[in-house]
Amino acid sequence: MNLLLDGWLVVFNNWSILAWILLVIFLGYTITLSVLKIIFKDTLTAAEYFSFGLAGSLLPFLFGSIFIFSLNHFQRTDLSLLIPLALLSLALVFLQHKAQIQPVQGSRSTLTVLILIFCVSIFLRLVFISEAITPLYFDSAEHYRIIRYLLGIYRNSQSILQISLPDSRYYHLGFHLMTAALPSSIQWYVMDSMMIFGQIILAMIPIPVFFIVRHETSSDKAGLLAVLLASFGWYMPAYAVNWGKYPALTSLIILQFVLNIGYAAFRFNLSPSTQWKKYILPGLGIAAAGLIHTRSVLVIGIVFAAWIIAKWWLNSPKWIQLLLLFLTLGGFLAEYFLIQSNDVLKVVFDPYVQSGYVLTGLVALLSIAAYQTFPRLTLASFLVILFLLASLFIPVNILSARYGYQTILDRPFVEMLLYLPLSLLGGLGFAGVEQYFHSTEQKPGYSNKPTGVLISAFLLGFVFLYSFTNYNFRPSDCCKIVSSDDLIAFDWIKRNLPIDAQILIATTELNVFTSTSSEGFTGTDAGIWIPSLAGRPIFGAPYALNFGKQSTLDMLCEQEVNYVYIGGTPQSFHWTQLNETPDWYKNVFSLPKTQIYRITGCAAD
Amino acid sequence: MKKNKFTISINIFMGFIVLVTGGCTSLFNRNSESGQTPGQPVIEIAYCNVNSQAELCIASFGTENENKSLVNFITTDPSFPDFDLKITRDGVQSAYECRQVEDFPTSIYCVGEKISLGETIELQVLSRDDEHLIAKGVLNISFLALSTPITDSTTPIETAPQTLRATATQTPLIPTETPTVTVGRTQTTPSVTGTAVDSYPNSSYP
């Protein structure tokens, strides 16, 4: 009941932002749909078109955002955003004219169910926002700063092509550009726009899974089961929103669009006049994936390699197939034990083993039926899992020495991605079971239809009920680093501290790769939001810093740090140490979850 | 014919979305202007409760410069009207100046005379426009900016630590895929001897 009330409260309080975001996505969807209809004509069902079109719906929005942020030939106003919207609408009218609208194939009810899943998902995902004061965790603070930075560029009528970016090392601005280009962001509802856009992205992510499964198996139910698994089967990828992984989550949609178009290119014999379109769309998709999250391009490469190897595997002699099977299983076991023995990496299996073992077990069983019926896609899915896990150990310096300590993919991203091959396997396996009962029906003397229907209904019902009864739509306590006390503190800082006051915040080392080298530092409490929300510079130190030591005070004085910010997380500074040295630190602001101390022990004081 | 129908449907749908958006925006703005009116019942003030969020509640009490008190209010209504607070202690009434946190309209705080732990106070929330009573309540100050001491197994740092620095200007300091803050080093080599901590929390699902 609370879920419903909280969902409605979020919708009621943010409906205009929600409407703008849905409008922009709808516009992008209809444009992509028109292009797909020009290419694929009547070969896809209505539900397949919906799934495929939604996967590509962010492309026009992304390129429209880049367009508006690249121009600097006119003074921008709030209404300037109507220009790309108008251009997109014109493109839509043109494409609608070009597209040969064919009678829709396939079941209308499947399309309705798919749309229903999408709408219900949006509503349920919005519940998350009812308990989130700001977007969660430390990543979000930086994404928010970048979006504000881009909005500054927009307001000053500058072009992103002519100014230096916030940081030359931060090279994928796709999500930030799209969020900054939302009309609601232009009106300064940046934080709300970022959170709502993120939740809608979560609702979009599972829908494209339908296309490949449905088209491969010709089973609507198999496609829907894959969507259910991708939506609520495991807590990933949606849980990553707790970590503020907005660009990585957004890239999953584009990634699936590229995979869908790649799959379609293999499956369809397109006419020579449409051959070029086979390359343009994936090209645009890969470019968009790179702009949103560079590592997703590597994932596209991994999937492509798995697809090619799977074909070669199946065409090999039997003994090579067996050898490869043992090598693959051996490789997977080796990876599993290597990962389990590594403190940083072992959590990669948490969503699928510790918490999701029931559905992972079910998918593993269904995979046998999947392999019997759809061997290539099943093998490719297995290989994708194998390669994703292997990428945790492959150093990126084989591609570029610039990122020495990093591996090709990082642990959080792999953890987010494993749902995709598993959902595909689940859908394919379900169709395999369906086909088994269908084929035995054809044999004389067999009448397994009721059994088949019963098992199909049981599998769908079980996944549906199990997912919904075990799913948590609310933010995790792990990552809520900002409390209402912190918001008061930020406002207090803005009003009471000098503009150049430097504030010490608690940090810790980032640790997502196998390497022992330093990966950088991140904020561990709300202090990381100070530059964005209180407009003061920060200076970080490990959260276990001992404030009772003279050396600490000397360091703070040397670095001209004026204040110490203590938030309310377990990894905040220990305020008791500051209270024990009143000659060095004076409390100037105190709420139960937030303390601010002025450093008074420096010589100048 | 089908094509025309489809185009018309799309245009109608988009027009509908724009109309609904526009209509709702004006409605929302009107609501924002109106806020609480004198005819509405007075809200009973209590401490905020996660399970039953009141329209206006108190999240915490605190201190400013050790000689003033802070009262942290939360409202569920972003358009809650501007108000001021009056607190009566031992029969003496004091005024507290309240302000909404910029960009977070559901967070409001008031600053005024110092209140001590354990005191029972009577609160009156009055509309700034016409001073009509919006909310009232009697509360005991059961906690006052004293969070539970945090203990963990980490060893305090003996030498000067590794440090990082970020500016408040429009210069986010972010490398590559995962945002971090640029590291600056002090002269002394750091020796962080604390327990290893994953930057991403152990993602055991709650």
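Quick caveat: nothing in here was measured; it's all calculated off a predicted structure.

Draft legend 1. Fine view of the overall build of chain A. Scanning chain A for helices and strands turns up 24 helices and six strands. The contacts in chain A between residues at least 6 apart in sequence include a share of 80% that link residues at least 24 apart. Summed over its atoms, the accessible surface of chain A is roughly 22,100 Å², and 64% of this surface lies on carbon and sulfur atoms.

Draft legend 2. Main features of the overall build of chain B. Looking only at helices and strands, one finds one helix and 10 strands in chain B. Helices and strands appear in chain B in the N-to-C order α-β-β-β-β-β-β-β-β-β-β. When each of the 206 residues of chain B is scored for burial, the buried share is 39%. Considering only contacts within chain B whose residues lie at least 6 apart along the sequence, 54% involve residues at least 24 apart. Carbon together with sulfur atoms contributes 54% to the accessible area of chain B, which is approximately 10,800 Å² in total.

Draft legend 3. Quick look at the pairing of strand β5 (residues 92–101) of chain B. Residue and element names in this part refer to chain B. Inspection of the sheet shows strand β4 (residues 83–89) paired to β5 by five bridges, in the antiparallel sense. Opposite Ile87, over in β5, you have Ser94 as the bridge partner. Bridge count between β5 and strand β6 (residues 104–113): five bridges; the pairing is antiparallel. When the bridges of β6 are listed, Val101 appears paired with Phe104. Adjacent in sequence and paired antiparallel, β5 and β6 are bridged by two residues, among which Asp103 carries a positive phi angle near 75°.

Draft legend 4. Representation of a nonpolar patch on the surface in the model. Residues and elements named next belong to chain A. Together, Leu322, Leu325, Phe326 and Leu329 line one region of the surface with nonpolar side chains, adding up to about 410 Å² of accessible area. Mapped onto the fold, Phe326 is located in helix α15 (residues 318–340). Phe326 sits in the exposed class, given a relative accessible area of 58%.

Draft legend 5. Just unusual backbone geometry, in detail. Residues and elements named next belong to chain A. With an omega of 5°, the peptide bond between Met236 and Pro237 qualifies as cis. Within the fold, Pro237 resides in the loop between α11 (220–233) and α12 (246–267). The residue Tyr137 is not glycine, and still its phi comes out positive at about 70°.

Draft legend 6. Local environment of the pattern of salt bridges. Residue and element names in this part refer to chain A. Counted under the stated rule, the structure contains 20 salt bridges over all chains. Notably, a salt bridge pairs Arg214 with Asp220, separated by 2.5 Å at the nearest N-O pair. There is no split in this pair, since Arg214 and Asp220 are both buried. The closest approach of N and O atoms between Arg295 and Asp410, which form a salt bridge, is 3.5 Å. Linking Arg295 in helix α14 (residues 295–315) with Asp410 in the loop between α17 (375–390) and α18 (411–417), this pair joins segments that are 115 residues apart in sequence. There is no split in this pair, since Arg295 and Asp410 are both buried.

Draft legend 7. Here's a closer look at the environment of His176(A). Residues and elements named next belong to chain A. Relative to the helices and strands, His176 resides in helix α7 (residues 174–181). The exposure class of His176 is buried, given its relative accessible area of 0%. In this structure the C-alpha to C-alpha distance between His176 and Arg145, which are 31 residues apart in sequence, comes to 9.5 Å. A polar side-chain atom of His176 sits 2.9 Å from a polar atom in the side chain of His143.

Draft legend 8. Focus on the state of the cysteines. Residue and element names in this part refer to chain B. For the coordinates displayed, the defined rule picks out four disulfides over all chains. A sulfur-sulfur separation of 2.0 Å characterises the disulfide bridge that pairs Cys48 with Cys57. Note on the Cys48 and Cys57 pair: the S-S dihedral is about 95°, so by sign convention the disulfide is right-handed. Residue classification places Cys57 among the buried residues on the basis of a relative accessible area of 2%. Between the sulfur atoms of Cys98 and its disulfide mate Cys110 the distance is 2.0 Å. Classification of the bridge connecting Cys98 and Cys110 rests on its S-S torsion, roughly 105°, and on that basis the disulfide is right-handed.

Draft legend 9. Region of interest: the nonpolar core. If you look at the biggest cluster of nonpolar residues, it comprises 202 residues, and the most contacted ones within it are Phe40(A), Phe197(A), Phe490(A), Trp529(A) and Tyr565(A). Among the nonpolar cores identified, the runner-up in size contains 23 residues, and Leu56(B), Phe61(B), Leu123(B) and Ala135(B) belong to it.

Draft legend 10. Broad picture of the pairing of strand β6 (residues 594–599) of chain A. All names here are of chain A. Among the six residues of β6, five are classified as buried, and the element is accordingly described as predominantly covered. Bridge count for strand β4 (residues 563–566) against β6 is four bridges, and the pairing is antiparallel. The residue bridging Tyr563 from the neighbouring strand is Arg598, located in β6. Summarising the sheet, strand β5 (residues 585–591) and β6 pair through six bridges and their orientation is antiparallel.

Draft legend 11. Examining the confidence of the model for chain B more closely. Residue and element names in this part refer to chain B. Mean pLDDT for chain B: 65, with 48% of residues reaching 70 or above. Low pLDDT (under 50) marks residues 23–35, which in the prediction has 10 contacts with non-local residues, meaning those over four places away or in another chain. Throughout residues 146–206 the model reports pLDDT below 50, and contacts reaching past four residues in sequence, or to other chains, amount to 203 contacts.

Draft legend 12. Structural context of the side chain of Asp525(A). With respect to the helices and strands, Asp525(A) occurs in the loop between β2 (521–523) and α22 (530–533). With residues up to four places along the chain from it excluded, the contact list for Asp525(A) reads Ile481(A), Ala506(A), Tyr565(A), Ile566(A), Gly567(A), Thr569(A) and Ser572(A).

Draft legend 13. Main features of the packing of aromatic side chains. Residues and elements named next belong to chain A. By the definition in use, this model includes 37 aromatic pairs over all chains. Look at Phe50 and Phe118: their rings are 6.3 Å apart centre to centre, the planes differ by 65°, and that puts the pair in the edge-to-face class. Of this pair, Phe50 sits in helix α2 (residues 46–55) while Phe118 sits in helix α5 (residues 108–126); the two residues are 68 residues apart in sequence, bridging distant segments of the chain. Residue Phe50 is classed as buried on the basis of its relative accessible area of 7%. Overall, Phe118 belongs to the buried group, its relative accessible area being 9%. With a centroid separation of 5.4 Å and 10° between ring planes, the pair formed by Phe175 and Tyr246 is classed as stacked. Of this pair, Phe175 sits in helix α7 while Tyr246 sits in helix α12; the two residues are 71 residues apart in sequence, bridging distant segments of the chain.

Draft legend 14. Representation of a negative patch on the surface in the model. Residues Asp82(B), Asp129(B), Asp130(B) and Glu131(B) make up a contiguous surface patch of negative charge. Inspection of the secondary structure puts Asp129(B) in the loop between β7 (120–127) and β8 (133–140).

Draft legend 15. Here's a closer look at the environment of Ser121(A). Residue and element names in this part refer to chain A. Structurally, Ser121 is set in helix α5. Residue classification places Ser121 among the buried positions, given a relative accessible area of 2%. Sequence separation of Ser121 and Ile200 is 79 residues, and the distance between their C-alpha atoms is 8.3 Å. Setting aside residues no more than four positions away along its own chain, Ser121 makes contact with Ala203 and Phe232.

Draft legend 16. Layout of helix α16 (residues 357–373) of chain A. All names here are of chain A. Here α16 is 17 residues long and its end C-alpha atoms lie 24 Å apart, about the 24 Å a rise of 1.5 Å per residue gives. Along its length, α16 reaches its greatest deviation from straightness, about 30°, at Leu366. The set of residues buried in α16 consists of Leu359, Thr360, Leu362, Val363, Leu366, Ser367, Ala369 and Ala370.

Draft legend 17. The arrangement of the packing of α12(A) against α14(A) in detail. Residues and elements named next belong to chain A. The N-to-C vectors of α12 and α14 enclose an angle of 30°; their axes lie 10 Å apart at closest approach. Taken as axis vectors, α12 and α14 run roughly parallel relative to one another. Remark: the crossing between α12 and α14 carries right-handed chirality. Taken together, the residues of α14 that come into contact with α12 (itself represented by Ser251, Leu255, Val258, Leu259, Tyr263, Phe266 and Arg267) are Ser296, Val299, Ile300, Val303, Phe304 and Trp307. Of the residues that constitute the contact of α12 with α14, the class distribution is 10 nonpolar, two polar and one charged.

Cut-offs used in this document
Residues numbered from 1 in each chain as written. Chains lettered and ligands numbered in written order. Predicted model: local features only at pLDDT ≥ 70, side-chain atom pairs only at ≥ 80, totals over all residues. Heavy atoms only, no water. Helix = DSSP H or I, 4+ residues; strand = E, 2+ residues; numbered from the N terminus. Contact = heavy atoms within 4.5 Å. Areas by Shrake-Rupley, 256 points an atom, 1.4 Å probe, with all protein chains shown as cover. Buried < 20%, exposed > 50% of the residue type's maximum accessible area, 1.4 Å probe, protein only. Pairing = 2+ DSSP bridges. Patch = residues over 30% accessible without salt bridge, like charges linked within 9 Å, V, L, I, M, F, W, Y side chains within 5 Å. Salt bridge = Lys/Arg side-chain N within 4 Å of Asp/Glu carboxyl O. Polar contact = N/O pair within 3.5 Å; in protein donor to acceptor, adjacent residues only side chain to side chain. Disulfide = S-S within 2.5 Å. Core = buried A, V, L, I, M, F, W, Y, C linked by side-chain atoms within 4.5 Å. pLDDT = per-residue confidence, 0-100. Phe/Tyr/Trp six-rings, centres within 6.5 Å; stacked < 30°, edge-to-face > 60°. Lys, Arg positive; Asp, Glu negative; His and termini not counted. Charge placed at Lys NZ, Arg CZ, Asp CG, Glu CD. Expected span 1.5 Å × (residues − 1). Bend = angle between axes of the 7 residues up to and from the residue. Axes fitted to C-alpha atoms, helices over the stretch in contact; angles between N-to-C directions. Parallel < 35°, antiparallel > 145°, perpendicular 65-115°, else oblique. Left-handed = near helix turned anticlockwise from the far one by under 90°. Nonpolar A, V, L, I, M, F, W, Y, C, P; charged D, E, K, R; others polar.

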